[in-house]
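The primary structure of each chain is shown beneath.
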Amino acid sequence: MLDYSHNAWLVAASLAVAMMAGFTGLYLTHGASKLDDQKRKLVVALAAIILGGGIWSMHFVAMLGLQLPILFYYDALITLISALVAILMVGLALLILHFRPRTMGTIVGAGVIVGLGIVVMHYVGMAGMELCRPVYNVWDVVISTLASVVLSVLAIWVAYDNRTQRNILLGTVCFGLAVFTMHFVATGLTDFVASDTAGRAGPALNNQVLAMGVTVSVFLICGAFLLTGITFIEPAAAEISPSAPEPEPTLRAGVPFEREGQTFFAQPSNIAAIRAEGHYTVLYMNAEKLFCPWSITEAESRLAPDGFLRAHRSYLVNPKQVSRFERHKDNGTCYFDDVDALSKVPVSRSRLTDIREALGL
C-alpha cells in the first residue's frame, strides 16, 4: 500500500469548483418550466453540461492534489467517459425535474440519479489511473454511495421544492458538499498500490496534460458562474436604480364588460376566470358569463398585478376563487365550487408549476 496525502490548496479549489458549478447549473434552470419545450431542452442541456462538468472538474482538481510516492498517469478514453457519464446522468435528473410534474417522488428520484452520477463518475475516473491501482471493497462503495445520494437528494429537494434565490443558494451548498464529501469519503476509504498495467484503452495523460484540460474546464465554469451571478444579483440592483421603470398602474375602473348595449366595469376580485373567445373574452362571475372587449393577451397583461394567471392557452384564473385543485399525470384541473357559471378550468402541463405555486402547493 502506498502512502498518500493531499495538497490543501487544491482541496480548497476543488470545493470552490463544485460550489460554482452547482450555483450556475441550479440557477440557470430557474424559470425554465415557463419556457416552451425547445428552449427548456436547451437550458436543461446547458445546465447538465455545467453540473456534470463541475462534478468531473472537482474530481480531477482534487486528484491533481493527490500526492503519491510514484509517478502515475490517466487513461484518456476512460477519463473522457467519466465526464460524459456525469453529464448524462445529471441531464437525466434535470429532464425529470423540468418535464414531469414536480412531486416529492420526482425530486427524490432526481436526487438519487444525481448522487449515483457522482459515484459512477468518481469510480470510472479512478479506474483510468495507470501505474497505480486504487483498491477498495464493496462496503467502501456502499458508504460512499450513501453519502452521495443523501446529500444529492437534500440538494435537489432544497433547490427545487421552492425556487427562490435563498433555496437555490442553500441547494448550491448542499450540491457542492455532496460532490466534495463523496470524493473525499471514497478516497479516504481507498488504498493505492503500484501497478505495471498501462495503456489499456486510450493514450496516457500525465498530470501536466490533465492539468491543462482541467484548467480550461474550470475557466469555462468560472465564466458561466460570473455571467449567472450577475443575473442573480440584478433584481436587487434594479430596485435602487434611478432609471428603473415605474410599476404599471393598477386598474382604476375595473374590467369592462357589455350588457344590453352598455359598458360596465367589474372588480377583478369578483371574477373567477376569463376564457378566450376569438379576439375577445368571456368573464365568469358567480352565475353570469359576460362579454369583455379585451383579448386574452390584454387581459393577462392588465390583470397580472391582481394575481390572475394563465392556466391554459384559453383560460385565465383568479387563484383566490379556486376552491379545489386536482393534479393529473402531467396536467391538472382547477375547480370553482362557488361559481355557478363555471365548474372547472383545465391546467396545461406548461402552466402547472405556476398554478401550484400560486395555490401554495
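Just so you know, these numbers come straight off a predicted model, no measurement behind them.

**Quick notes on the packing of aromatic side chains**
Counted according to the given criterion, the structure contains ten aromatic pairs. On the basis of an interplanar angle of 75 degrees and a centroid distance of 5.6 Å, the ring pair of Phe-23 and Phe-225 is categorised as edge-to-face. Placement of Phe-23 in helix H1 (residues 8–28) and of Phe-225 in helix H7 (residues 207–240) is noted, with a sequence separation of 202 residues between them. The class of Phe-225 is partly exposed, set by a relative accessible area of 27%.

**A short note on the nonpolar core**
If you look at the biggest cluster of nonpolar residues, it comprises 64 residues, and the most contacted ones within it are Ile-55, Phe-60, Leu-68, Tyr-74, Leu-94, Met-129 and Phe-192. At the level of secondary structure, the elements contributing two or more residues to this core comprise H1, helix H2 (37–64), helix H3 (76–99), helix H4 (104–127), helix H5 (138–161), helix H6 (165–188) and H7. In terms of residues, this core owes the most to one element, H2, which gives twelve residues. Beyond its immediate chain neighbours, meaning those up to four positions away, Leu-94 contacts Val-44, Ala-47, Ala-48, Leu-51 and Tyr-160. Ranked by size, the runner-up nonpolar core spans 16 residues in total, among them Val-317, Leu-342, Val-347 and Ile-355.

**Considering the confidence of the model for the chain**
Across the chain, pLDDT averages 86, with 93% of residues at or above 70. Every residue in residues 236–242 scores below 50 in pLDDT, and together they form one contact with partners more than four places removed in sequence or on other chains.

**Considering the side chain of Thr-172**
Along the chain, Thr-172 turns up in helix H6. A distance of 2.8 Å separates the side chain of Thr-172 from the backbone oxygen of Ile-168, its partner in a polar contact. Sequence-distant contacts of Thr-172, that is, excluding residues within four places in its chain, are made with Met-19, Gly-22, Phe-23 and Leu-26.

**Looking at H1**
Helix length check: H1 (21 residues) gives 30 Å between terminal C-alpha atoms against 30 Å at 1.5 Å per residue, within 8%. For H1, every residue scored as buried is listed here: Val-11, Ser-14, Val-17, Ala-18, Met-20, Ala-21, Gly-22, Phe-23, Thr-24, Gly-25, Leu-26 and Tyr-27. Between a side-chain oxygen at the N-terminus of H1 and the backbone nitrogen of Trp-9 the separation is 2.9 Å; the capping residue is Asn-7.

**Overview of the pairing of strand E10 (residues 273–277)**
In this sheet, strand E11 (residues 280–285) lies alongside E10 in antiparallel orientation, the contact comprising five bridges. Looking at the pairing, Ala-273 lines up with Tyr-284 of E11. As consecutive antiparallel partners, E10 and E11 are separated by two residues, and within that stretch Gly-278 has a phi angle of approximately 65 degrees, a positive value. Sheet analysis places E10 next to strand E14 (residues 315–317), joined by three bridges and oriented antiparallel. For Ala-273, the partnering residue across the bridge sits in E14 and is Val-317.

**Describing empty space enclosed by the protein**
Rolled over the atoms, a probe as big as a water molecule pinpoints where empty space is left. Across all of its chains, the model carries three cavities of 30 Å³ or more by this definition. Of the voids in this model, the largest cavity is the one considered here, and its volume is about 120 Å³. If you trace the largest cavity, you find it lined by Ser-33, Arg-40, Leu-97, His-98, Phe-99, Arg-100, Pro-101, Arg-102, Arg-349, Ser-350, Leu-352 and Thr-353. Of all the secondary-structure elements, those providing two or more residues to the lining of the largest cavity are H3 and helix H9 (352–358). For the lining of the largest cavity, the element with the highest residue contribution is H3, accounting for three residues.

**Points about the pattern of salt bridges**
When the charged atoms of two side chains with opposite charge come close together, those side chains can pair. Counted under the stated rule, the structure contains seven salt bridges. In this structure, Glu-277 and Arg-275 form a salt bridge, with 2.5 Å as the shortest nitrogen-oxygen distance.

The rules behind the values
Numbers given for residues are sequential positions, taken from 1 along each chain in its written order. For a predicted model such as this one, the threshold for reporting local features is a pLDDT of at least 70, and the threshold for listing and counting side-chain atom pairs is 80 or more; totals across whole chains, interfaces and linings nevertheless cover every residue. The side-chain numbers reported here are obtained from all heavy atoms of the structure, hydrogens and water having been left aside. In this scheme Phe, Tyr and Trp rings, the latter by its six-membered ring, pair at centre separations within 6.5 Å, and the angle between planes marks the pair as stacked below 30 degrees, edge-to-face above 60, and tilted otherwise. Secondary structure elements follow DSSP: runs of H or I of four or more residues count as helices, runs of E of two or more count as strands, with numbering from the N terminus. Relative accessibility thresholds used throughout: buried, under 20% of the residue-type maximum; exposed, over 50%; partly exposed, between the two (1.4 Å probe, protein chains only). To form a nonpolar core, buried Ala, Val, Leu, Ile, Met, Phe, Trp, Tyr and Cys residues must be joined to one another through side-chain atoms within 4.5 Å. The contact definition used throughout considers only heavy atoms, calling two residues in contact when any of these lie within 4.5 Å. Residue-level confidence of the predictor, termed pLDDT, takes values from 0 up to 100. Polar contacts here mean pairs of N or O atoms no more than 3.5 Å apart (in protein, one a potential hydrogen donor and the other a potential acceptor; neighbouring residues in sequence count only if both atoms are side-chain atoms). To estimate the expected span of a helix, count its residues, drop one, and scale the result by 1.5 Å. At least two DSSP bridges between two strands are required for those strands to pair. For each structure, a 1 Å grid was placed over the protein atoms alone; sets of points admitting a 1.4 Å probe that cannot get out are labelled cavities, open sets with protein on both sides within 12 Å along at least five of seven lines are labelled pockets, and lining residues have an atom within 4 Å of a point. Grid points are joined across faces, edges and corners, and a volume is the space filled by probe spheres set on the points. One speaks of a salt bridge when a side-chain nitrogen belonging to Lys or Arg is within 4 Å of a carboxyl oxygen belonging to Asp or Glu.

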